[in-house]
Amino acid sequence: MTLSGKRILLVIGGGIAAYKSLDLIRRLRERGASVRCILTAGAQEFITPLAAAAISGQRAHTNLFDREDEADIGHIKLARDADLVVVAPATANLMAKMAGGHADDLASTVLLATTLPILIAPAMNVRMWQHAATQRNLATLTSDGIKVVGPNDGAMAEAEFGPGRMSEPLEIVAAIETLLTPKGALAGRHVLITAGPTHEPIDPVRYIANRSSGKQGYAIARAAAEAGARVTLVAGPTALPDPAGVNVVHVESARDMLAAVEKTLPADIGIFTAAVADWRVASAAGEKMKKMGDVPPALALVENPDILATIAHRTVERPAIVVGFAAETEKVIEHAQQKLSRKRADVIVANDVSAESGVMGGDNNTVHLVSASGVETWPTLDKGEVARRLVERLAHMIETRKS
Ligand code: CTP
């Protein structure tokens, strides 16, 4: 029972390989998984919803606008209530729709709405597979974090030969087992990350903000997920897409961010990369502020809660490792050391954010790891590499602490 208790949402696309998906359902259930199916219109030309329902033991879903379907579970819940989404067969058309973000039927809408990990098993004619458009879509999907199994080489329905045959059900089952078996340095850990700026309202249309792009925090979320962690990313407003396989909670203000962070505890590791606004307007206006005579309004500011310090000072449910970031324009190490003790963090990742450094909004970062055991300066690396190294280091720290 390698998949005991696992919930699979199986999206069946319209190709001759759809008949193999029925066998896939059976194999998954044999291993303890529950399977819920969505059939595209094309899939229903090859297999029936009744067959999928009979083999899966659950109603098969076909229509975005079906009142009964929506009353039963609803397409957004369908996109959430699973551990993994599997698209098999993933036709050229379905892959193109996924890569382009289309949502014109139940399958594509659920695929766009889901934040769950996705595995696709492509199946199509060899020329369609080799076409530049499909290969471009494949590259987009893999860079979005979508996992791919197959296709295999072999004889095709059209008496052609080459890559394009859907992987066999047992190969797809093996790929699913690999994806759902926690592995990696942070397997079984919950990592909480804050990222991005916060917006502090002045009135309903204006706010105070800062130049943080959120890139470093998002990169850490991705790296932690790749290291097998369950990741919750509490993000202020950014222009970045949600990383695949990460639970993203979107917030606006510092106070919302603190509330969201407290709600996600307990966590094993807390990484606070957000550029939280230090101050907010004491009482934001309920209506848009109008110009009044020649005198500009004065904004009275009050201090925001310090999210990192609040969490690091907790006596219950304090993450075993609390990591802060220090954005400094001068005396980088000295200020970071002060923050380490003042905020009671275990590690401060200090970086120089002076305008010349290009860190704010840029792709590279030069960081210093400041902790009780000293200071370690890393070479200039892109933010993805900083993220991977940091995750590796934190995984090692938490392992050695435990023993
Ligand atoms: N931080 C936080 N909540 C705040 C302010 C900061 O969680 N209200 C966190 C940041 O996410 C970061 C660390 O604290 O991990 C350092 O933030 P920084 O702005 O550099 O520190 P400040 O405490 O604001 O100090 P200063 O502005 O004096 O440099």
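Residues numbered from 1 in each chain as written. Predicted model: local features only at pLDDT ≥ 70, side-chain atom pairs only at ≥ 80, totals over all residues. Heavy atoms only, no water.

Student: Where do I start with the overall build of the protein chain in this structure?
Tutor: Within the protein chain, the secondary structure is distributed over 14 helices and 21 strands. Projecting the C-alpha coordinates of the protein chain onto the three principal axes gives extents of approximately 75 × 60 × 40 Å. Across the 403 residues in the protein chain, those meeting the buried criterion constitute 48%. Long-range contacts, defined here as pairs at least 24 residues apart, represent 67% of the contacts in the protein chain between residues at least 6 apart. Summing over all exposed atoms, the protein chain offers an accessible surface of approximately 19300 Å²; the carbon and sulfur share of this is 52%. (Helix = DSSP H or I, 4+ residues; strand = E, 2+ residues; numbered from the N terminus. Buried < 20%, exposed > 50% of the residue type's maximum accessible area, 1.4 Å probe, protein only. Contact = heavy atoms within 4.5 Å. Areas by Shrake-Rupley, 256 points an atom, 1.4 Å probe, with all protein chains shown as cover.)

Student: Looking at this model, I keep getting lost on the packing of helix α1 (residues 18–30) against helix α2 (residues 49–56). Mind explaining?
Tutor: Packed helices, taken two at a time, are described by the angle between their axes plus the distance between the axes. Two elements in contact, α1 and α2, have axes whose closest approach is 9 Å; the angle formed by their N-to-C orientations is 15°. Classified by the angle between their axes, α1 and α2 sit roughly parallel to one another. Where α1 crosses over α2, the two elements pack in a sense that is right-handed. Side by side, α1 and α2 meet where Leu-22, Ile-25, Arg-26 and Arg-29 of the first sit next to Ala-51, Ala-52, Ile-55 and Ser-56 of the second. Along the lines of polarity and charge, the residues of the contact of α1 with α2 split into 5 nonpolar, 1 polar and 2 charged. (Axes fitted to C-alpha atoms, helices over the stretch in contact; angles between N-to-C directions. Parallel < 35°, antiparallel > 145°, perpendicular 65-115°, else oblique. Left-handed = near helix turned anticlockwise from the far one by under 90°. Nonpolar A, V, L, I, M, F, W, Y, C, P; charged D, E, K, R; others polar.)

Student: What is the right way to read the domain arrangement of the protein chain from this model?
Tutor: Bring the parts together and some accessible area is lost; that lost area is often taken as the interface size. When its domains are assigned, the protein chain resolves into domain 1 (7–180) and domain 2 (190–402). The straight-line distance from the C-alpha centre of domain 1 to that of domain 2 is 37 Å. Summing both sides of the interface, domain 1 and domain 2 together bury roughly 260 Å²; the carbon and sulfur share of this comes to 54%. In terms of surface lost to domain 2, no three residues of domain 1 exceed Thr-115, Pro-117 and Asp-144, which account for 83% of the buried area on that side. At the boundary of domain 1 and domain 2, one finds 0 salt bridges. Inspection of the domain 1/domain 2 interface yields 1 residue pair in polar contact (both at pLDDT 80 or more). Partitioned by chemical class, the residues of the side of domain 1 that touches domain 2 number 1 nonpolar, 2 polar and 1 charged. (Domains from an automatic or database assignment. Buried area = accessible area lost by both parts, 1.4 Å probe. Salt bridge = Lys/Arg side-chain N within 4 Å of Asp/Glu carboxyl O. Polar contact = N/O pair within 3.5 Å; in protein donor to acceptor, adjacent residues only side chain to side chain.)

Student: Which parts of the structure should I look at to understand the pattern of salt bridges?
Tutor: Counted according to the given criterion, the structure contains 23 salt bridges. Two residues, Lys-215 and Asp-363, come together in a salt bridge whose shortest N-O distance is 3.1 Å. Of this pair, Lys-215 sits in helix α10 (residues 215–226) while Asp-363 sits in the loop between β17 (347–352) and β18 (364–365), and the two are 148 residues apart along the sequence. By relative accessible area, Lys-215 is classed as partly exposed at 27%. Linking Glu-328 and Lys-339 is a salt bridge whose minimum nitrogen-to-oxygen distance equals 2.5 Å. Pair noted here: Glu-328 is in strand β16 (residues 321–328) and Lys-339 is in helix α13 (residues 332–343), with a separation of 11 residues, a long-range link. Each member of the pair, Glu-328 together with Lys-339, is buried. Through salt bridges that share partners, Asp-23, Arg-26, Arg-27, Glu-30, Arg-31 and Glu-177 make up one connected network.

Student: It is not clear to me how the sheet that holds strand β3 (residues 84–90) should be interpreted in this structure. Could you clarify?
Tutor: Strands in a sheet are paired, the pairing made by backbone hydrogen bonds, and the direction either parallel or antiparallel. Here we have 5 strands laid out as an open sheet, ordered β2-β1-β3-β4-β5, and parallel in their pairing. The open sheet has two free edges, formed respectively by β2 (34–39) and β5 (147–148), since each of these has just one partner strand. Both strand β1 (residues 7–12) and β2 contribute to a ladder of 6 bridges, which runs parallel. What sits directly across from Ile-8, in β2, is Val-35. This element, helix α5 (residues 92–100), spans β1, β3 and β4 (118–122) of the sheet and lies at about 135° to β3. (Pairing = 2+ DSSP bridges.)

Student: Explanation requested: the site of the ligand in the structure shown.
Tutor: What surrounds the ligand is a group of 15 residues, the closest being Phe-272, Ala-274, Phe-325, Lys-339 and Lys-343. Within the backbone of Ala-274, an N or O atom sits 2.6 Å from an oxygen atom of the ligand. Calculation on the ligand without its partners gives an accessible area of 570 Å², and the protein chains cover 78% of this total. Elements represented by at least two residues in the shell around the ligand include exactly α12 (307–312), β16 and α13. Broken down by element, the residue count for the shell around the ligand peaks at 4 residues, all from β16. (Near = heavy atom within 4 Å.)

Student: Would you mind showing me how to read unusual backbone geometry here?
Tutor: The phi angle of most residues is negative, glycine excepted, and most peptide bonds adopt the trans form. Across the junction of Ala-88 and Pro-89, the peptide omega takes the value -5°, indicating a cis bond. In this fold, Pro-89 is placed in strand β3. At the junction of Leu-265 and Pro-266, the peptide bond is cis and its omega measures out at 5° in the coordinates. You can see Pro-266 is positioned in the loop between α11 (254–264) and β13 (269–272). Even without glycine at this site, Glu-317 takes up a positive phi of about 55°. If you trace the backbone, Glu-317 turns up in the loop between α12 and β16. In this structure, Arg-344 takes a positive phi of about 60° despite not being glycine. Among the structural elements, Arg-344 can be located in the loop between α13 and β17.

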